[in-house]
Structure formats: C-alpha cells, structure tokens
Amino acid sequence: MIDSIALGLGLGVIVIGFVLALAFGVRRLTWGKSDLKRTLAMGVPFVIFGIAYVITGAIDQAGMITFLTMMALMALG
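Sequence order sets the numbering: in each chain, residues are counted from 1 along the sequence as written. Note on the predicted model: pLDDT of at least 70 is required for a residue's local features to be given, and 80 or more for side-chain atom pairs to be given and counted; whole-chain, interface and lining totals, by contrast, use all residues. Water and hydrogen atoms play no part in the side-chain values, which are based on all heavy atoms of the structure.

Participant: An account of the overall build of the protein is needed here, citing residue identities and associated values.
Facilitator: Only DSSP runs of H or I with at least four residues qualify as helices, and only runs of E with at least two residues qualify as strands; both kinds are numbered from the N terminus onward. Broken down by element type, the protein carries four helices and zero strands. We compute the radius of gyration over the C-alpha atoms and compare it with the globule rule, which gives 2.2 Å times the number of residues raised to the power 0.38. By the compact-globule yardstick of 11 Å for 77 residues, the protein is too spread out, its C-alpha radius of gyration being 14 Å. Considered along the principal axes of its C-alpha atoms, the protein spans approximately 45 × 30 × 20 Å. What makes two residues a contact is simply this: any of their non-hydrogen atoms within 4.5 Å. When contacts within the protein are restricted to residue pairs at least 6 apart in sequence, those whose partners lie at least 24 apart make up 35%. Only the protein chains shown count as cover for residues, with accessible areas throughout obtained via the Shrake-Rupley method and a probe of 1.4 Å. Here the protein has roughly 6,000 Å² of accessible surface; of this, 76% comes from carbon and sulfur atoms.

Below you can see the structure in the form of structure tokens.
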C-alpha cells in the first residue's frame with residue numbers, strides 16, 4: 001500500500017515537473033530569452049523515462065534506467 005502511494009506521488013511530481021518545464025520553456029522562447037535547442041534539451045530525461053516505461057512497464061525500473069542513463073550521458077559530456 002505504501003509503495004503504491006509513494007510511486008503515485010513520485011509519478012505526480014514527474015508530471016508536475018514536466019508541465020512546469022514545458023510552460024516556462026515556452027514562455028522563455030516567446031520572450032526570446034532562450035534558444036530552442038536548450039529548451040528541447042530539458043525534455044531529454046522525460047523522453048528517456050517514457051521510453052524506459054514503455055519497455056519495462058514499471059515506474060520504478062523506468063526511473064532507475066532514466067537515472068543511470070542520465071548519469072552516463074553526464075559522464076560522457
């Protein structure tokens with residue numbers, strides 16, 4: 001029961017973060033304060049999470065895959 005609530009809250013935070021990132025990204029683009037490439041780069045973790053979720057079918061596994069992938073990309077960068 002607690003696991004389901006925690007995963008639900010975690011997913012909710014991810015959705016809220018995505019919506020806020022999208023809203024502020026669009027706002028900065030319309031004001032001309034941000035580059036399109038930088039704004040699209042903010043969506044990379046969400047795309048990785050979505051792909052991992054479709055492949056695994058589990059939120060917790062998709063989160064770990066996203067975490068490890070982003071850490072690997074950071075190390076390569």
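Participant: Let's hear about the packing of helix α3 (residues 44–56) against helix α4 (residues 59–76): which residues, and what values?
Facilitator: One can describe the packing of α3 onto α4 by two numbers: an axis separation of 8 Å at closest approach and a directional angle of 135°. Judged by the angle between their axes, α3 and α4 are oblique. Classified by chirality, the crossing of α4 by α3 is right-handed. Contacts between α3 and α4 involve Val44, Pro45, Ile48, Phe49, Ala52, Tyr53 and Thr56 from the first element and Ile59, Gln61, Ala62, Gly63, Ile65, Thr66, Thr69, Met70 and Leu73 from the second. Partitioned by chemical class, the residues of the contact of α3 with α4 number eleven nonpolar, five polar and no charged. Orientation is described by lines fitted to C-alpha atoms, with helices fitted over the stretch in contact, and by angles between N-to-C directions that extend from 0 to 180 degrees. Relative orientations are named as follows: roughly parallel for angles under 35 degrees, roughly antiparallel for angles over 145 degrees, roughly perpendicular for angles from 65 to 115 degrees, and oblique for any other angle. The crossing is said to be left-handed when, going from far helix to near helix, the turn is anticlockwise and less than a right angle, and right-handed when the turn is clockwise. Gly is placed with the polar residues, together with every amino acid not listed as nonpolar (Ala, Val, Leu, Ile, Met, Phe, Trp, Tyr, Cys and Pro) or charged (Asp, Glu, Lys and Arg).

Participant: Describe in detail the packing of aromatic side chains, supporting the description with residues and values.
Facilitator: Ring pairs are drawn from Phe, Tyr and Trp, using the six-membered ring of Trp, whenever the two centres fall within 6.5 Å, and their geometry is named by plane angle: stacked under 30 degrees, edge-to-face over 60, tilted for the rest. For the structure shown, the criterion picks out two aromatic pairs. Taking 4.9 Å as the distance between ring centres and 65° as the angle between the ring planes, the aromatic pair formed by Phe18 and Phe46 counts as edge-to-face. Taken together, the positions of Phe18 in helix α1 (residues 2–31) and Phe46 in helix α3 put the pair 28 residues apart, joining distant regions of the chain. A ring pair is formed by Phe49 and Tyr53, whose centres lie 6.4 Å apart and whose planes are at 10°; its orientation type is stacked. Note that Phe49 and Tyr53 are positioned in helix α3 at a spacing of four residues, about one turn of the helix. A relative accessible area of 37% places Tyr53 in the partly exposed class. Only protein chains enter the accessibility calculation, which uses a 1.4 Å probe. A residue is then buried if its area is under 20% of the maximum for its type, exposed if over 50%, and partly exposed in between.

Participant: Give a description of α3 that names residues and reports values.
Facilitator: Expected helix span is computed as 1.5 Å times (number of residues minus one). Over its 13 residues, α3 extends 18 Å from the first C-alpha to the last, a length consistent with the 18 Å expected when each residue adds 1.5 Å. Within α3, the full set of buried residues consists of Ile48, Phe49 and Ala52. Along α3, the residues classed as buried sweep out an arc of 100° about the axis, all on the same side. Pointing more than 90 degrees away from the buried face of α3 are the exposed residues Val47 and Val54. In this fold, the buried residues of α3 make contact with α1 and α4. Comment: arc refers to directions from the helix axis out to C-beta atoms.

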